[in-house]
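# Residue-level structure breakdown
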Amino acid sequence: MSIHVGILTVSDTAFANPSADKSGPAIKEIIGLHTSCQVNEEHCQIVPDDAQKIASVVQELCGSGSVDWLISTGGTGFGVRDVTPEAIAPLIERPAPGLVHLMLSSSLKHTPLAALSRPVAGTFKDTLITTLPGSVKAVKENLDALFQAGVVEHAIELIRGGSGQQVHSQLAANDTLTSDATKSDPHRHHHHHHGEHSTPKPRSEVALSHDPSAPVSARHRKSQFPQISLENALGILKGNIQRLPVQTLEVGHKLGGYVLAEDVFAPQDVPPTSTTSVDGYALRSLDPPGIYNVLTAQTHSLSSPLPEGSIYRINTGGPLPVGADTVIMVEDTELVSTFEENLGLALEEKEVKTLVQIPPGENVRAPGSDVRKGELVMRSGDRVTQGGGEVGTLAFVGRKEVKVYKKPVVAILSTGNEIVDIHKTLTDESSHDGWGGIYDTNRPSLQTVLESMGYEVVDLGIVPDDISAHIDALKKGLQSADLILTTGGTSMGPTDLLKPVIERYLDGVVHFGRVSVKPGKPTTFASVPFVEGDQTTWKPIFALPGNPASALVTFYIFVIPALRRMGGWPERMCELPRVMVQIQNPIPLDPRVEFHRVIIRSSVKSSSSPNTETTTSPDGSGVVLKAYSTGGQRSSRAASLCEANGLVVLPPLPTAGHEVAAASRKTGLEMGEYAQAVVIGEIEMEW
């Protein structure tokens, strides 16, 4: 059953400036996670807080016959301009108070202010209508509740005239299980009321994760988080990562890695006065070849006119004295005499002969010839790289400090009772059941790559499989860092606690909990509110798989784009660069997009001759990057990333139902074929 969803944003601000609409896109994102629902752009509109206009658009969308579920956002509070309930309530033909109660109860779990919301729910012209608040947080809470246990799907089916038999059968099965478990009265009858379906345990009304306080036997047998595509996951990440605030830093070597948050204009001409571009002597262009007295900075002031019969010795970059308008190079002069030692000027030049006459302006940099005062030198959004060029430019024009976007601080932790710090012995008393455990690979690996990229790291250590320990560690991370990075505890085990703790104990929102990639399917991305004073900031949490290769690969694919976006990097540069490579080993395909660890080498030989022969690439450039597999790609094999500087992006294996005949379906890439690769390190030269 495909449900066609319409979205109506009610906001004076968003109507005047559509880019201000945050809740509408949030609804679209959440709907996109459910394969049973689809949103048509034609059915997404923004209207001002005007009851007549709201009602008109609702009637138009519901009357089209192509919208099964209309979701409005905004205008449901007690503000003077909040008129959504007044506009929509008169149109409702069959009210759904149960849905209203469901939405309110879900939001009240997070804040008592939800009591001030005035939602409306019901049907109009065979379309289900639900009105949500205007905040993104409340939108997510309400939609989580409406999707819980298939409430919306069941409602739409009934509105369409269906019997709801599938839901009835499931409820009956649940009742049977409950009856057996509790040994209840065999004559007990089940009374089913639409809108009052009981929620299967151990799930809460909103959270998709399992209830960690429930017995192991009650855990989910299938993940409740939909497995979404790589493209969808990256889109969700982009929509939920915010740039950090601006700060002012001194211009110096520590500025590398930051992104400018202001346009930089030259505060003065560079050079500020006429200077020389060579080592030589400043003189007048009218001075003919001949013998001249030599003046220096110790014997002549720059502000005094240059005397006739004299020239001024000058070094590259030095200013010309008053009266001089040209510079003769040392190579065009001859030494005539020096001062005697008893004058304290031993071997100092006294007279020099110029061999040629120099035209005006020769070897002279005019004031402002490099940069004019007020000229734009660097733009907001430009990166200050570690190469030194940008820091040098800022210093060159005289900037002592500059505004940049804050670079995120990252808190890292590993989870699991079986994990042991590398600096502790596996035979410590902390070992379990006679088994010493396994060394923590992920924390030192991630800290290494993070610090090499210039990020400050807060090490939260190894967190045991305990709810309170998880809560304490994550709260510490929220206080000390801008982003939390965890490994382990994201899958289906009873002690995999990260998703439940984020949803049930920290009031967080899990944006996605499974991605169709290999390695890294259980990769989780969430946001958790952090309250400081009267400010609430949503901080991102990435819960990566515990297997070492999975953790590092998903770090490169998901975490780096988030860190760069937080630090103000240009959008085009947030993801790591990709290049075309020639495969040097046969590689099988997987049903998921796979990131195969490789060593990328350039086929260009190290030679002084520009005509060195190379293999021809697909674009005819003559340069080929060759990709060599690092061997076994098992997700637990950290060695697959040893020396790896690239990740070949393998397309998913065509499914059996694909249009291509089974006999001709491609099952792998052969040696010599080309594919994209994500560059994660310095490219090597071919041996």
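Our structure is the block above this text.
If you're wondering where the values come from, they're calculated on a predicted model, not measured in any experiment. (Residues numbered from 1 in each chain as written. Predicted model: local features only at pLDDT ≥ 70, side-chain atom pairs only at ≥ 80, totals over all residues. Heavy atoms only, no water.)

So, on to the overall build of the protein. Within the protein, the secondary structure is distributed over 14 helices and 37 strands. The burial tally for the protein puts 46% of its 687 residues in the buried class. Put simply, 74% of the contacts in the protein that link residues at least 6 apart link residues at least 24 apart. If you sum the accessible surface of the protein, you get close to 33900 Å²; carbon and sulfur atoms cover 52% of it. (Helix = DSSP H or I, 4+ residues; strand = E, 2+ residues; numbered from the N terminus. Buried < 20%, exposed > 50% of the residue type's maximum accessible area, 1.4 Å probe, protein only. Contact = heavy atoms within 4.5 Å. Areas by Shrake-Rupley, 256 points an atom, 1.4 Å probe, with all protein chains shown as cover.)

To continue, consider the pattern of salt bridges. Across all of its chains, the model carries 22 salt bridges by this definition. As a salt-bridge pair, Asp-590 and Lys-518 come within 3.3 Å of each other at their nearest N and O atoms. Of this pair, Asp-590 sits in the loop between strand S31 (587-588) and strand S32 (593-602) while Lys-518 sits in strand S27 (residues 517-518), and the two are 72 residues apart along the sequence. Judged by its relative accessible area of 14%, Asp-590 falls in the buried class. Take Lys-518: its relative accessible area is 28%, and that puts it in the partly exposed class. Residue Glu-571 pairs with Arg-565 through a salt bridge whose shortest N-O separation is 2.5 Å. According to the relative accessible area criterion, Glu-571 is partly exposed, its value standing at 41%. For Arg-565, a relative accessible area of 12% puts it in the buried group. (Salt bridge = Lys/Arg side-chain N within 4 Å of Asp/Glu carboxyl O.)

Here the focus is the layout of surface pockets. Approximately 940 Å³ is the volume found for the second largest pocket. Contributing to the lining of the second largest pocket are 35 residues, with Gly-239, Asn-240, Ile-241, Gln-242 and Trp-538 lying nearest its centre. Of the residues in the lining of the second largest pocket, the class split is 12 nonpolar, 11 polar and 12 charged. (1 Å grid on protein atoms, 1.4 Å probe; cavity = no way out; pocket = protein on both sides within 12 Å on 5 of 7 lines; lining within 4 Å. Points joined across faces, edges and corners; volume = space filled by probe spheres on them. Nonpolar A, V, L, I, M, F, W, Y, C, P; charged D, E, K, R; others polar.)

Another aspect to go through is the nonpolar core. Formed by 45 residues in total, the largest nonpolar core has its most connected members in Leu-485, Phe-542, Phe-555, Phe-558 and Phe-595. With 12 residues, helix H14 (residues 548-566) is the single largest residue contributor to this core. In contact with Leu-485, not counting residues within four places along its chain, are Val-410, Ala-411, Ile-412, Leu-413, Leu-446, Leu-450, Phe-542, Leu-544, Phe-555 and Val-559. Core analysis: the second largest hydrophobic core is formed by 26 residues, Val-5, Ile-31, Ile-71 and Met-103 among them. (Core = buried A, V, L, I, M, F, W, Y, C linked by side-chain atoms within 4.5 Å.)

With that out of the way, let us pick up the sheet that holds strand S28 (residues 524-532). With respect to topology, 6 strands assemble into an open sheet ordered S23-S20-S24-S29-S28-S25, the strand pairing being mixed. Every other strand in the sheet has two partners, leaving strand S23 (457-463) and strand S25 (509-512) as the edge strands with one partner each. Averaged over all pairs of adjacent strands, the angle between their axes in this sheet comes to 25°, without regard to strand direction. In this structure, S25 lies alongside S28, joined through 3 bridges in antiparallel fashion. By the bridge assignment, Phe-512 is partnered in S28 with Phe-525. (Pairing = 2+ DSSP bridges. Axes fitted to C-alpha atoms, helices over the stretch in contact; angles between N-to-C directions.)

Strand pairing within a sheet occurs via backbone hydrogen bonds; the two strands may be parallel or antiparallel. The 6 strands lie next to each other as S14-S11-S13-S12-S16-S15, forming an open sheet whose pairing is mixed. If you trace the sheet from one side to the other, it starts and ends with strand S14 (326-329) and strand S15 (333-338), each paired once. The mean angle between the axes of side-by-side strands here comes to 40°, regardless of whether they run parallel or antiparallel. Pairing geometry for strand S11 (residues 280-283) and S14, over 4 bridges, is antiparallel. Bridge assignment links Ala-282 to a residue of S14, and that residue is Val-327.

For the rest of this paragraph, the subject is the packing of helix H12 (residues 467-480) against helix H13 (residues 498-505). Running from N to C, H12 and H13 cross one another at 70°; their axes reach a closest spacing of 10 Å. As judged from the angle between their axes, H12 and H13 are roughly perpendicular. Across from Ile-467, His-470, Ile-471 and Leu-474 in H12, the residues of H13 making contact are Leu-498, Val-501, Ile-502 and Tyr-505. The residue makeup of the contact of H12 with H13, split by class, is 7 nonpolar, 1 polar and no charged. (Parallel < 35°, antiparallel > 145°, perpendicular 65-115°, else oblique.)

Judged from the 5 bridges that link them, strand S30 (residues 578-583) and strand S36 (residues 674-679) form a sheet pairing that is antiparallel. Across the sheet, Met-580 pairs through a bridge with Gln-676, a residue of S36. Inspection of the sheet shows strand S34 (residues 646-650) paired to S36 by 3 bridges, in the antiparallel sense. Counterpart to Leu-647 in the pairing with S36 is Val-678.

The next subject is helix H11 (residues 442-452). Think of an α-helix as turning once every 3.6 residues; residues three or four places apart then point the same way. Looking at H11, one finds that the buried residues are Asn-442, Arg-443, Leu-446, Val-449 and Leu-450. Buried residues of H11, seen end-on, are gathered within an arc of 140° and therefore sit on one face of the element. Exposed residues on H11 whose side chains face more than 90 degrees from its buried face are Thr-448 and Ser-452. Of the residues one or two after H11, Gly-454 is the one with positive phi, at around 90°. (Arc of directions from axis to C-beta.)

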